[in-house]
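Take a look at the letters that make up each chain.
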Amino acid sequence: MHVLVFEDNLLWSTRLQNSLRSLGHVPEVLTSVPASTDAPLAIVNLGASRFDPAAVVPTLRALGVFVIGHAGHQEKAVLGAGKEAGCDRLATNSQITFDLKKVIELANLPGFEAPPG
């Protein structure tokens, strides 16, 4: 599955790309929303500084993309802003790191079948 990754931290973007590839997905790291996309899913760092998550999230949703926003577990205000922006699901950074497969499966995307393993 094609997954848009909105991340401005090189360490996080590399880690997330590797995790997504290991699960059989095709990640694309971005800091701005494309005019159109075939990706059914986006993962957005809600604490990013090089792009505005509050603008990115509703734009992705308008394109029909399911949005998972993430931030640190103690960043309650950041997670709350993600909810207000329209994220379909919120996750902590540790959930993204250690339970990415489950986080994606819980998105329950139409027509999505989890890769074996």
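Heads up: these notes are all about the structure in this document. Owing to the predicted nature of the structure, the values given are computational and were not obtained by experimental measurement.

## Looking at the packing of aromatic side chains
- Evaluation of the coordinates by the stated rule reveals 1 aromatic pair.
- Ring plane angle 70 degrees and centroid distance 6.0 Å describe the contact between Phe6 and Phe51, whose orientation is recorded as edge-to-face. Of the two residues, Phe6 is situated in strand E1 (residues 2–6) and Phe51 in the loop between strand E3 (41–45) and helix H2 (53–62); the sequence distance between them amounts to 45 residues.
- Owing to a relative accessible area of 9%, Phe51 belongs among the buried residues under this scheme.
- Just above the ring of Trp12 sits the side chain of Arg15; from NZ or CZ to the centre is 5.4 Å.

## Considering the sheet that holds E3
- Judged by pairing direction, the sheet is parallel, and its 5 strands sit side by side in the order E2-E1-E3-E4-E5 without closing on themselves. The open sheet has two edge strands, strand E2 (26–30) and strand E5 (89–92), and neither has a second partner. The average angle at which neighbouring strand axes cross in this sheet is 25 degrees, direction not considered.
- Pairing geometry for E1 and E2, over 5 bridges, is parallel.

## A look at the pairing of E1
- With 5 of 5 residues buried, E1 lies mostly within the body of the structure.
- Across the two faces of E1 the burial is the same, with His2, Leu4 and Phe6 and Val3 and Val5 all buried.
- What joins E1 to E2 is helix H1 (residues 10–22), and the crossover it makes is right-handed.
- Pairing between E1 and E3: 4 bridges, direction parallel. Each bridged residue has a counterpart across the sheet, and for Val5 the counterpart in E3 is Ile43.

## Observations concerning the nonpolar core
- One finds Leu4, Phe6, Val44, Leu46, Val57 and Leu60 to be the most contacted residues of the largest nonpolar core, which totals 18 residues.
- Taken together, the elements giving at least two residues each to this core come down to E1, E3, H2, strand E4 (66–71) and helix H3 (76–85).
- Per element, the largest residue contribution to this core is 3 residues, and it comes from H2.
- With near-sequence residues (within four places) excluded, Val44 lies in contact with Phe6, Phe51, Pro53, Val56, Val57, Leu60, Val67, Ile68, Gly69 and His70.
- Among the nonpolar cores identified, the runner-up in size contains 16 residues, and Leu41, Ile43, Ala91 and Leu109 belong to it.

## Focus on the pairing of E4
- Judged by how many residues are buried, E4 sits mostly within the fold: 6 of 6 residues are covered.
- On E4, burial covers both faces: Phe66, Ile68 and His70 on one face and Val67, Gly69 and Ala71 on the other are all buried.
- Note that E3 and E4 share 5 bridges and pair parallel. Counterpart to Leu41 in the pairing with E4 is Phe66.
- Traced from E3 through H2 to E4, the parallel crossover comes out right-handed.
- As paired elements, E4 and E5 share 4 bridges and run parallel to each other. Within the sheet, the bridge partner assigned to His70 lies in E5 and is Ala91.
- Tracing the backbone out of E4, into H3 and back to the parallel element E5 gives a crossover that is right-handed.

Calculation criteria
- Residues numbered from 1 in each chain as written.
- Predicted model: local features only at pLDDT ≥ 70, side-chain atom pairs only at ≥ 80, totals over all residues.
- Heavy atoms only, no water.
- Phe/Tyr/Trp six-rings, centres within 6.5 Å; stacked < 30°, edge-to-face > 60°.
- Helix = DSSP H or I, 4+ residues; strand = E, 2+ residues; numbered from the N terminus.
- Buried < 20%, exposed > 50% of the residue type's maximum accessible area, 1.4 Å probe, protein only.
- Lys NZ or Arg CZ within 6 Å of the ring centre and 35° of its normal.
- Pairing = 2+ DSSP bridges.
- Axes fitted to C-alpha atoms, helices over the stretch in contact; angles between N-to-C directions.
- Right-handed = clockwise from strand over helix to strand, strands pointing away.
- Core = buried A, V, L, I, M, F, W, Y, C linked by side-chain atoms within 4.5 Å.
- Contact = heavy atoms within 4.5 Å.

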